[in-house]
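# Structural description and commentary
The chain contents come next:
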Amino acid sequence: MSIAKKVEANLSRTSWIRKMFEEGGRLMEIHGPDKVFDFSLGNPNLEPPEAFHRALSRCVQTRGTHLHGYMGNTGYPHVRKAVADFVSAEQAMALTPEEVVMTCGAAGALNVILKAILDPGDEVLCPAPYFVEYGFYADNHGGVLKTVPTHPDFSLDLDAMASAVTHRTKAVLLNSPNNPTGAVYSASSLENLGALLRDKSQEHERTIYLIADEPYRKIVFDGMTVPSIFSVYQDAIVANSYSKDLSIPGERIGYLAVHPRTTHKTALLQALGLANRILGFVNAPALMQRVVAEVQGHHVEASLYARKRDLLCDGLARCGYSFEKPSGAFYLFPRSPIPDDVAFVQALQKERILTVPGSGFGGPGHFRIAFCVSDETIQNALPGFQRVRALFP
Ligand SMILES: Cc1ncc(COP(=O)(O)O)c(C=O)c1O
C-alpha cells in the first residue's frame, strides 16, 4: 500500500454521514429527488441573508492592489477588529483584534488551536455524543480524543468529567448548541466546569484549555441564549464560523477568539498564527473575510429552523418516538426504538429516509436527523417514519 496505514484504516471507517449522503444521491437518481428524504448532512437549506449577497456584490465590485493577495496569516486587521467588536458583545468581555484569528471555518479554527497546544499523547476531553470529526482533528496533531459521558438528557456530567481529567489532559472541547443532540449547556454547568478546570489545572500544574466550538451559537430556539464561555474560564478559546448561521459552509470562513486574560497569551497567539500558516491554510479566504466584516450580526432566521424542529418533533411524537427536544442547532437525536441503531437506520433507509446511527457520534441507541431541509421533506417523510416505528412496537 502506498498510503499511510492510519489513513488507510480511517478510509475503511468512512463516516456514516458521508455514507448516507452518498446513498441519498444514488437513491435520488433511481426514484427522483422528491421520493428521497435525506436527513443525513448538516448542509443548511436556508438561503444566506440578503445582507450577505449585497456585501458580496460590493466586495466583488471593489478594485485595488493586493485585494486578492496574501496578507498576515491571522487575517485583515479591519476584519479582525469587526469580529473582535462583535465577540466582545457576545461574550460580555472586551476583545482586541489581536485576540482574533480568521480561519477556514470552525474546522480550520479547531485544527489551528489543536496544532498550537497539543504535544504527542496529550488528551482532549469531549462530552459525548459529539461531532465525530473531533477524533480526527485531535489525531492530526498527535493528540487523543477521550469522550466523557453526559446525562441521559445530554447535559454535562461534571462528575464524569472530573474523573476523566488526568495529567495528560490538555483541553476540554465543548460544542453548544450541540451536534448531534441540539443541547445547549446551562450557565450553571459551565460555571461548575470552569471551577473544575481551575482546580485540575492547579493540581496537575499545567494549563488545561477550554475550547468552545460554537458554529450554532445563533441558531437557538424559544428565547434560549448560549452562555458566555469567557465569563466562566480564563484559559478559553472560542472556535466559530459563518457556515451555519449565514448558510455558507462551502465558503470556508470562520474565526477563533482567545480570552483576553489567558495565561501565556503572547506565545499562544504566535502559535495560532503560525499554525494557520503551516497547516497550509496560510490565511482565511480574502474575499470572504471582507464580506463577513460587513455583515456582523446578520444571520439566518432561527425561527425558520424552530418551525422545522416543531414540525418534526410533533410528527415523530405522534408516531411514538421519544427524544429530547433540541434547544438549538438543526439536529434531533431520538432514541432508537431498538437497541441496534444501525439496524434501525437501515429500516428507515428502506423507506428512503436517510438518517445517521447514533453510534457514529458516540451515542449508541439513538439516531440523528438533520432537519435543515425543506418543510415538505419533513412532512412527506412522516408516514415513512410512522411505518418503520410500527415495525418495532
Ligand atoms: C459541531 C461542529 N463543529 C464544526 C463544524 C465544522 O464547521 P465549518 O464548516 O465551519 O468548518 C461542524 C460542521 O458540521 C459542526 O457540526
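The structure this text deals with has already been given above.
A brief structural summary. (Residues numbered from 1 in each chain as written. Predicted model: local features only at pLDDT ≥ 70, side-chain atom pairs only at ≥ 80, totals over all residues. Heavy atoms only, no water.)

### Section: the overall build of the chain
We apply this condition: A run of H or I in DSSP becomes a helix once it reaches four residues, and a run of E becomes a strand once it reaches two; helices and strands are each numbered from the N terminus. Atoms counted for the radius of gyration: C-alpha only. Globule rule: 2.2 Å times the number of residues to the power 0.38. Residue exposure (1.4 Å probe, protein chains only): buried if accessible area is under 20% of the type maximum, exposed if over 50%, otherwise partly exposed. We call two residues contacting when some pair of their heavy atoms lies within 4.5 Å. We get accessible surface area from the Shrake-Rupley algorithm with a probe of 1.4 Å; when it comes to residues, only the shown protein chains can shield them. Charge convention: Lys and Arg are scored as positive, Asp and Glu as negative, and His as well as the terminal groups of each chain are ignored. The location of each charge is read from NZ of Lys, CZ of Arg, CG of Asp or CD of Glu.
Along its length, the chain carries 13 helices and 12 strands. Rg of the C-alpha trace for the chain: 21 Å, near the compact-globule value of 21 Å for 393 residues, within the 12% margin. Dimensions of the chain, computed from the C-alpha atoms along their principal axes, are close to 60 × 55 × 55 Å. Taking all 393 residues of the chain together, the buried fraction comes to 56%. Restricting the contact set of the chain to residue pairs at least 6 apart, pairs at least 24 apart contribute 74%. Carbon together with sulfur atoms contributes 53% to the accessible area of the chain, which is approximately 16,700 Å² in total. Charged side chains of the chain number 38 positive and 40 negative; the gap between the two group centres comes to 3 Å.

### Brief notes about the pairing of strand E4 (residues 144-149)
For clarity, the threshold we go by: Between any two strands, pairing holds if DSSP finds at least two bridges. Whether a crossover is right-handed comes down to one check: with the strands pointing away from the viewer, does the path from the first strand over the helix to the second run clockwise; if it does, it is right-handed.
Sheet analysis places strand E3 (residues 123-128) next to E4, joined by 6 bridges and oriented parallel. Its bridge partner lying in E4, proline 127 is registered against valine 148. Note that the unit made of E3, helix H6 (residues 133-140) and E4 has a crossover that is right-handed.

### Quick notes on the site of the ligand
Stated precisely, the cut-off is as follows: When we say a residue is near a molecule or strand, we mean one of its heavy atoms is within 4 Å of it. Two N or O atoms form a polar contact when they lie within 3.5 Å of each other; inside protein one atom must be a possible hydrogen donor and the other a possible acceptor, and for residues adjacent in sequence the pair counts only when both atoms belong to side chains. Classification used: nonpolar for Ala, Val, Leu, Ile, Met, Phe, Trp, Tyr, Cys and Pro, charged for Asp, Glu, Lys and Arg, polar for all others including Gly.
Looking at the ligand, there are 14 residues lining it, with Ala106, Asp213, Tyr216, Ser241 and Arg252 nearest. At 2.7 Å from an oxygen atom of the ligand is found a side-chain nitrogen or oxygen belonging to serine 241. For the ligand, an oxygen atom lies 2.8 Å from a polar atom in the side chain of serine 243. Taken by itself the ligand offers 390 Å² of open surface, and the protein chains cover 92% of this. Sorting elements by how many residues they give to the shell around the ligand places helix H5 (residues 105-117) first, with 3 residues. A per-class count over the shell around the ligand returns 6 nonpolar, 5 polar and 3 charged.

### Digging into the pattern of salt bridges
Selection criterion: When a carboxyl oxygen of Asp or Glu is within 4 Å of a side-chain nitrogen of Lys or Arg, the pair counts as a salt bridge.
Summed over all chains, the structure comprises 18 salt bridges. The closest approach of N and O atoms between aspartate 85 and lysine 81, which form a salt bridge, is 2.7 Å. In this pair, aspartate 85 and lysine 81 both sit in helix H4 (residues 77-91), 4 residues apart, roughly one turn of the helix. A single salt-bridge network, built from bridges that share partners, covers Asp222, Arg309, Asp310 and Lys325.

### Notes on the sheet that holds strand E2 (residues 100-103)
Filter applied, for reference: Axes here refer to lines fitted to C-alpha atoms; in helices the fit is confined to the stretch in contact. Angles between the N-to-C directions go from 0 to 180 degrees.
Strand order in the open sheet made by the 7 strands is E2-E8-E7-E6-E5-E3-E4, with mixed pairing throughout. The sheet terminates laterally at E2 and E4, the two strands that pair on one side only. Direction aside, the axes of adjacent strands within the sheet are offset by 25 degrees on average. Most of the contacts of H6 go to E4, to which it runs at about 145 degrees, and overall it touches E3, E4, strand E5 (169-175) and strand E6 (209-213).

### Topic: the environment of serine 228
Tracing the chain through its elements places serine 228 in the loop between E6 and strand E7 (236-241). We classify serine 228 as buried; its relative accessible area is 11%. Each C-alpha atom of the pair serine 228 and glycine 360 lies 29 Å from the other, and the pair is 132 residues apart in sequence. Each residue touching serine 228, except ones within four places of it in the same chain, is listed here: Glu90, Gln91 and Arg217. A polar contact is formed between the side chain of serine 228 and the side chain of glutamine 91, at a distance of 2.9 Å. Side-chain polar atoms of serine 228 contact the side chain of serine 231, separated by 2.7 Å.

### Considerations on helix H10 (residues 286-294)
Think of an α-helix as 3.6 residues a turn; residues three or four steps apart then line up on the same face. Counting buried positions along H10 yields 7 of 9 residues, so the element is predominantly enclosed. Those residues of H10 that sit buried are Ala286, Met288, Gln289, Arg290, Val291, Val292 and Ala293. Each element contacted by the buried residues of H10 is listed here: helix H3 (50-61), H4 and E2.

### Here's the deal with the packing of H3 against H10
Let me state the cut-off plainly: An angle below 35 degrees is read as roughly parallel, one above 145 as roughly antiparallel, one from 65 to 115 as roughly perpendicular, and any other as oblique. Should the near helix be turned counterclockwise from the far one by less than a right angle, the crossing is left-handed, whereas a clockwise turn marks it as right-handed.
Running from N to C, H3 and H10 cross one another at 130 degrees; their axes reach a closest spacing of 9 Å. Our classification of the angle between H3 and H10 gives oblique. Note on packing geometry: the crossing formed by H3 with H10 is right-handed. Contact residues: Phe52, Ala55, Leu56, Arg58, Cys59 and Val60 in H3; Leu287, Met288, Arg290, Val291 and Glu294 in H10.

### Some remarks on the sheet that holds strand E11 (residues 356-357)
Pairing is antiparallel across the open sheet formed by 3 strands, whose spatial order is E9-E12-E11. Edge strands, defined here as strands with exactly one partner in the open sheet, are strand E9 (331-332) and E11. As paired strands, E11 and strand E12 (residues 367-370) are joined by 2 bridges and run antiparallel to one another. Within E12, the residue paired with valine 356 across the bridge is arginine 368.

### Points about the pairing of E3
Where a strand is regular, its side chains alternate between the two sheet faces. In terms of residue burial, E3 counts as a mostly covered element, since 6 of its 6 residues are buried. Judged by which residues are buried, E3 turns out to be covered on both faces: Glu123, Leu125 and Pro127 on one side and Val124, Cys126 and Ala128 on the other are all buried. Looking at chain direction, E3 and E5 are connected through 3 bridges and run parallel. From the neighbouring strand, glutamate 123 faces E5, where its bridge partner is threonine 169.

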